[in-house]
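Structure assessment
Each chain, written out:
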Amino acid sequence: MRVALLQSFLPSRSQGGVGHFAHQFACRLSARGHAVTLFSLDPAPADATYDVVRPSAGLTYLRGRLGRLYGFGWWLASQRYDQFDIVHALGDNHFLRTVTPVVRTLSGCALAEAWHAPKLTTRAMQASLYPLELLGAARARASVGISRNSLQFFPWVHTVIPQGIDRTVFRPGGEKSAAPSILSVGHRLRDRKRLYLLVEAFAKVIRPALPDAQLWLVCDDRVELAGVTCYANLPLAELAALYRRAWVFCLPSSYEGFGRPYAEAMASGTPVVATPNAGAREVLDDGRYGVLVPPPLLASTLLALLDEEPWRQHLIRAGLARAAAFDWERVVDAYEALYRRLIARVAGDHETGVGVAALAR
């Protein structure tokens, strides 16, 4: 198949989860023999096995953060897709008009992001994107959510295909760190990932009780505290090594559409502790495969888990079993099957006389 993927940012410039999904998904489709072209604002990552099409540098409406956020959809609408068998949008398909069938993946909901954003400006920005998400989901030939909770604001969408985890990269093995260690992966200390809650729990409770305990933060902010090490822009292999070595993984988000780091930690053989956001509840099956605790109990729960080897081993076994549900091969299989159904449906529409104008919605 000839596949067009639409995603504004990529790992070459951003650590955002959707960009990583798009890159890894495109590589896997390419490995299966599909011809993949990814339309993006960012250059291709060094290990990309697909083509990347980017806007010319002279387009003024794409300048700045707001330009990237709102202008990308206009630029996508100016492109031609008739040479492709399928168009798969991970966002920004709201203005597209093409006879090629369009799949839209909903990686969450901007309205939920707005509700949980700490800054008023971020709330306003995210809320303004929700009507565009509704339009994009309505205009696509098929819409897919990465989790059940990601579809709560799109009641007509029922198909769920989770995000994929590369279990050849995120895998158990090797030795855990010599000292008790907690890993967390986010963006900023005070966004919806709420890494500051973990820093406070570590500084006030965990480190005083376990003086050799370590907290590893993969984020853009820096923390200067005893026992805390910060990492930024880690290559995938180094991130996977941290997952394997950590005794516990913790991400106390207020909202996750899916919660990719939870799945990566489980696949790496590391117990997961989370606050009960929608994504964590779903990925951890309401606590069956990890620990869900409210913020006031975060410190005491982490301390108890670091101190109880049998509990950690139980969670490791449970997490490894759960991670199999998010294997990349299953995810690509599901999307390939969806592509084939849509292509066959469009071919059938042509045979039965449905006009081009009706298809180019």
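Residues numbered from 1 in each chain as written. Predicted model: local features only at pLDDT ≥ 70, side-chain atom pairs only at ≥ 80, totals over all residues. Heavy atoms only, no water.

A separate point is the packing of aromatic side chains. Under the counting rule described, the total for this entry stands at 17 aromatic pairs. Considering the side-chain rings of Phe-72 and Trp-75, the 5.8 Å spacing of their centres and the 25° angle between planes classify their relative orientation as stacked. Taken together, the residues span about one helical turn, with Phe-72 and Trp-75 both in helix α2 (residues 64–77) at a distance of 3 residues. Owing to a relative accessible area of 4%, Trp-75 belongs among the buried residues under this scheme. (Phe/Tyr/Trp six-rings, centres within 6.5 Å; stacked < 30°, edge-to-face > 60°. Helix = DSSP H or I, 4+ residues; strand = E, 2+ residues; numbered from the N terminus. Buried < 20%, exposed > 50% of the residue type's maximum accessible area, 1.4 Å probe, protein only.)

Here we take up helix α1 (residues 17–31). With 15 residues, α1 ought to run about 21 Å at 1.5 Å a step, and its terminal C-alpha atoms sit 21 Å apart, in line with that. For α1, a buried count of 12 out of 15 residues is recorded, marking the element as mostly surrounded by other parts of the structure. Among the residues of α1, those classed as buried are Val-18, Gly-19, His-20, Phe-21, Ala-22, His-23, Gln-24, Phe-25, Ala-26, Cys-27, Arg-28 and Leu-29. Phi turns positive one or two residues past the end of α1, at Gly-33, with a value near 95°. (Expected span 1.5 Å × (residues − 1).)

Our focus in this paragraph is the nonpolar core. If you look at the biggest cluster of nonpolar residues, it comprises 57 residues, and the most contacted ones within it are Ile-182, Leu-183, Leu-217, Phe-249, Val-273 and Leu-302. Per-element tally for this core: the top contributor is helix α5 (residues 195–209), with 6 residues. Residue contacts for Phe-249: discarding those within four places in its chain leaves Leu-183, Ser-184, Val-185, Tyr-243, Pro-261, Tyr-262, Ala-265, Thr-270, Pro-271, Val-272 and Val-273. Val-36, Leu-38, Ala-142 and Leu-338 belong to the second-largest nonpolar core, a separate cluster that totals 26 residues. (Core = buried A, V, L, I, M, F, W, Y, C linked by side-chain atoms within 4.5 Å. Contact = heavy atoms within 4.5 Å.)

Tallying each qualifying case throughout the model produces 18 salt bridges. The residue Arg-80 makes a salt bridge to Asp-82 at a minimum N-O spacing of 2.5 Å. Given a relative accessible area of 60%, Arg-80 falls into the exposed group. Put simply, Arg-32, Glu-329, Asp-333 and Glu-336 are held in one network by salt bridges that share partners. (Salt bridge = Lys/Arg side-chain N within 4 Å of Asp/Glu carboxyl O.)

Turning next to the state of the cysteines. Tallied over the entire structure, the rule returns 0 disulfides. In this model Cys-250 remains outside any disulfide bridge; the closest cysteine sulfur is found in Cys-219, 13 Å from its own. Residue Cys-250 is classed as buried on the basis of its relative accessible area of 0%. (Disulfide = S-S within 2.5 Å.)

Moving on: the pairing of strand β4 (residues 86–89). Burial along β4 is two-sided: the face carrying Ile-86 and His-88 and the face carrying Val-87 and Ala-89 are both buried. Looking at chain direction, strand β1 (residues 2–6) and β4 are connected through 4 bridges and run parallel. Across the sheet, residue Val-3 finds its bridge partner in β4, namely Ile-86. By the bridge criterion, 3 bridges tie β4 to strand β5 (residues 102–106) in an arrangement that is parallel. Pairing of His-88 across the sheet is with Val-103, part of β5. (Pairing = 2+ DSSP bridges.)

Read from one edge of the open sheet, 6 strands run β10-β9-β8-β11-β12-β13, paired in parallel fashion. Each having just a single partner strand, β10 (228–231) and β13 (291–292) make up the two edges of the open sheet. Bridge analysis of strand β12 (residues 272–274) against β13 gives 2 bridges, and the strand direction is parallel. Looking at β13, one finds that Val-273 is bridged to Val-291. Its contacts with the sheet put α5 on β8 (181–185), β9 (214–218), β10 and β11 (248–251), and the angle it makes with β9 is roughly 165°. Lying on the sheet, helix α7 (residues 260–267) is in contact with β11 and β12; it crosses β11 at an angle near 175°. (Axes fitted to C-alpha atoms, helices over the stretch in contact; angles between N-to-C directions.)

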